[in-house]
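If you want the building blocks of each chain, they are given just below.
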Amino acid sequence: MEGFMSSNKKGTSLFANGLIWFGAGVSIAEILTGTYLAPLGFSKGVQAIILGHLIGCILLFLAGVIGGKQRKSAMETVKVSFGKRGGLLFSFLNVLQLVGWTAIMIYDGALAADGIFHTGKWVWCLVIGGLIALWILIGVSNLGKVNLIAMTALFILTLILCRIIFADTSVSSPLGEAMTFGAAVELSVAMPLSWLPVISDYIREAKQPVAASAVSTVVYGIVSCWMYIIGMGIAIFTGESDIASIMVKAGLGVAGLLIIIFSTVTTTFLDAFSAGVSSVSISGKINEKWAALAAVVVGTAGAMIFPMDDITDFLYLIGSVFAPMVAVQIADFFVLKHRCVLRNFDIANLMVWGLGFLLYRYLMTIDLPLGNTLPDMVITALLCVVVGKIRMRNQTVKEKEIGDS
């Protein structure tokens, strides 16, 4: 991971990993997703947010441990379960979703920034895209104190934003269509779920991979819940769904702009950088830094051209692809104890994933109290274990027959 790990051969510290995932959690996209939960009401909304993040962050922790213990990037660990060539499918899909996230984050940040200073959305797309590219060129390890200062500023500014939002606790009419508790839980699971195919990229070089996974997950989970609650609070207590309008009314001009710009940059940097890392899993000839910069360029262009106001379908699509993928990995790593790539295509696990994908899409049509991610992953993981045990037994029988002959 050029620029991120190369200058620190001893591995990244727990503080460094926590800082990275604090930046991932402070996100305009997370605040906007939180606004969707307003029809549920504040009390039930908070319950759904916490429950959804507990589910999502436990899975995020397990995904981090898998990559950390094997010292591999997220997409390299996928090859252990699905084969050297079978894993390329997920590498390709991951690059696509990360470029998509890059575009969405730049779009949201530019739209919010333009709501404060009306210079044109395309201008802010270029500004944010340029800063993300600069982050990639310099590298997190070289940013050092600048990154720490940015995170500290974001922390202080979001505290101010919270005070403004929750100062008046008179409740406005909830915005949006009615939402069930299960749907709210699923939207809360969706954000940590979107980081499942990314977290190992930042844990693989940690000094203490398991501890780093725990710290990263806890920090991200707390901050992400906080962002969701801010978004929901904006919608419930102010009657607004536009964070820029809130900041303008509160007189947060420049400070509000800083929140928007830096939160977008620190989060989207991870998406773009991991797009580069995943590209290397597709072909070793690809330079991850240049691939990451290409993701920023494509994402910036996409944000300037296409409307991206409602991302719920995108979040569910990510869940349907990567939830069963990680379920297979968890079963393979923790139960079946697979640690190395054995074949080009693991047809059995690919079929299990396909069934998990179809099951997820089916469960989306059913209103479940805990959402559809958890039951889908449990069923997929159990199926993977059953199939794996059968394969191991058959292999043992074959070896015994060969030995007897």
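Bear in mind the structure is a predicted one, so any value in this text is a computation, not a measurement.

The rules behind each value
Residues numbered from 1 in each chain as written. Predicted model: local features only at pLDDT ≥ 70, side-chain atom pairs only at ≥ 80, totals over all residues. Heavy atoms only, no water. Phe/Tyr/Trp six-rings, centres within 6.5 Å; stacked < 30°, edge-to-face > 60°. Helix = DSSP H or I, 4+ residues; strand = E, 2+ residues; numbered from the N terminus. Buried < 20%, exposed > 50% of the residue type's maximum accessible area, 1.4 Å probe, protein only. Salt bridge = Lys/Arg side-chain N within 4 Å of Asp/Glu carboxyl O. Disulfide = S-S within 2.5 Å. Axes fitted to C-alpha atoms, helices over the stretch in contact; angles between N-to-C directions. Parallel < 35°, antiparallel > 145°, perpendicular 65-115°, else oblique. Left-handed = near helix turned anticlockwise from the far one by under 90°. Contact = heavy atoms within 4.5 Å. Nonpolar A, V, L, I, M, F, W, Y, C, P; charged D, E, K, R; others polar. Expected span 1.5 Å × (residues − 1). Patch = residues over 30% accessible without salt bridge, like charges linked within 9 Å, V, L, I, M, F, W, Y side chains within 5 Å. Areas by Shrake-Rupley, 256 points an atom, 1.4 Å probe, with all protein chains shown as cover. Polar contact = N/O pair within 3.5 Å; in protein donor to acceptor, adjacent residues only side chain to side chain. pLDDT = per-residue confidence, 0-100. Core = buried A, V, L, I, M, F, W, Y, C linked by side-chain atoms within 4.5 Å.

Describing the packing of aromatic side chains
No. 1: Counting across every chain of the model gives 11 aromatic pairs.
No. 2: Plain terms: the ring middles of Trp21 and Tyr220 are 6.1 Å apart, the flat faces sit at 85 degrees to each other, and that makes the pair edge-to-face. With Trp21 in helix H1 (residues 14–25) and Tyr220 in helix H11 (residues 209–238), the pair connects residues that are 199 residues apart, well separated along the chain. The burial state of Trp21 is the same as that of Tyr220; both residues are buried.

Topic: the pattern of salt bridges
Oppositely charged side chains may form a pair once their charged atoms are brought near each other.
No. 1: Going through the model one piece at a time under the given rule, you end up with three salt bridges.
No. 2: Across the salt bridge formed by Asp346 and Arg391, the nearest N and O atoms sit 2.9 Å from each other. Remark: Arg391 occurs in helix H17 (residues 373–404) and Asp346 occurs in the loop between helix H15 (312–335) and helix H16 (347–363); sequence separation between them is 45 residues.
No. 3: Taken together, the shared-partner salt bridges in this structure form one network comprising Arg343, Asp346 and Arg391.

Some thoughts on the state of the cysteines
No. 1: In total, this model carries zero disulfides according to the counting rule given.
No. 2: Looking at Cys57, it has no disulfide partner, and the nearest cysteine sulfur is the one in Cys225, 6.8 Å off.

Comments concerning the packing of helix H9 (residues 181–194) against H15
No. 1: One way to put it is that H9 packs onto H15 with a least axis distance of 9 Å and a crossing angle of 65 degrees. Put simply, H9 runs roughly perpendicular to H15. Both H9 and H15 take part in a crossing whose hand is left-handed. Facing Ala183, Glu186, Leu187, Ala190, Met191, Leu193 and Ser194 of H9, the residues of H15 in contact are Thr312, Leu315, Tyr316, Ile318, Gly319 and Ala323.
No. 2: Here the contact of H9 with H15 is built from residues that sort into nine nonpolar, three polar and one charged.

Some points on unusual backbone geometry
No. 1: Positive phi, normally seen in glycine, also occurs at Arg71, with a value near 55 degrees.
No. 2: Even without glycine at this site, Lys337 takes up a positive phi of about 65 degrees.
No. 3: Along the chain, Lys337 turns up in the loop between H15 and H16.
No. 4: For Lys337, a relative accessible area of 53% gives the class exposed.

Structural notes on H1
Given 3.6 residues to a turn, an α-helix orients residues that are three or four positions apart in the same direction.
No. 1: Between the first and last C-alpha of H1 there are 16 Å, a value that for 12 residues agrees with the 16 Å anticipated at 1.5 Å per step.
No. 2: Extensive coverage of H1 is indicated by the burial of nine of its 12 residues.
No. 3: Those residues of H1 that fall on the buried side of the exposure criterion are Asn17, Gly18, Leu19, Ile20, Trp21, Phe22, Gly23, Ala24 and Gly25.

Considerations on the environment of Val387
No. 1: Looking at where Val387 falls in the secondary structure, it is placed in helix H17.
No. 2: Distance from Val387 to Ala348, taken between C-alpha atoms, is 7.4 Å for residues 39 residues apart in sequence.
No. 3: Discounting residues that sit within four places of it in the chain, Val387 has contacts with Ala348 and Val352.

Let's talk about a nonpolar patch on the surface
No. 1: Taken together, Trp122, Leu126, Met304, Ile305 and Phe306 make up a surface patch of nonpolar side chains, about 550 Å² in accessible area.
No. 2: Those elements giving two or more residues to the nonpolar patch turn out to be helix H6 (121–138) and helix H14 (288–305).
No. 3: By secondary structure assignment, the location of Phe306 is in the loop between H14 and H15.

Some details on the side chain of Thr35
No. 1: As for its position among the elements, Thr35 is in helix H2 (residues 28–35).
No. 2: At a separation of 2.4 Å, a polar atom in the side chain of Thr35 contacts the main-chain carbonyl oxygen of Leu32.

Description of the confidence of the model for the chain
No. 1: Residues with a pLDDT of 70 or more make up 87% of the chain, whose mean pLDDT is 85.
No. 2: Here helix H7 (residues 140–143) stands out as the least confident element of the chain, with mean pLDDT 56; H16 is the most confident, with 96.
No. 3: Below a pLDDT of 50 lies the segment residues 1–8, which in the model reaches 27 contacts outside its immediate sequence neighbourhood of four places, other chains included.

Examining the nonpolar core
A general tendency of soluble globular proteins is for nonpolar side chains to be buried together.
No. 1: Membership of the largest hydrophobic core comes to 116 residues, with the highest contact counts inside it found for Trp101 and Met325.
No. 2: If you tally residues by element for this core, the top one is helix H5 (residues 86–116), at 14 residues.
No. 3: Excluding residues that lie within four positions of it along the chain, Met325 makes contacts with Met75, Val78, Phe82, Phe90, Pro197 and Trp353.

Regarding the environment of Ala303
No. 1: Relative to the assigned elements, Ala303 resides in helix H14.
No. 2: For Ala303, a relative accessible area of 0% puts it in the buried group.
No. 3: Each residue touching Ala303, except ones within four places of it in the same chain, is listed here: Ala103, Ile106, Tyr107, Lys121, Cys125 and Met308.

Considering the side chain of Ser224
No. 1: If you trace the backbone, Ser224 turns up in helix H11.
No. 2: Not counting residues within four places of it along the chain, the set of residues in contact with Ser224 comprises Gly25, Glu30 and His53.

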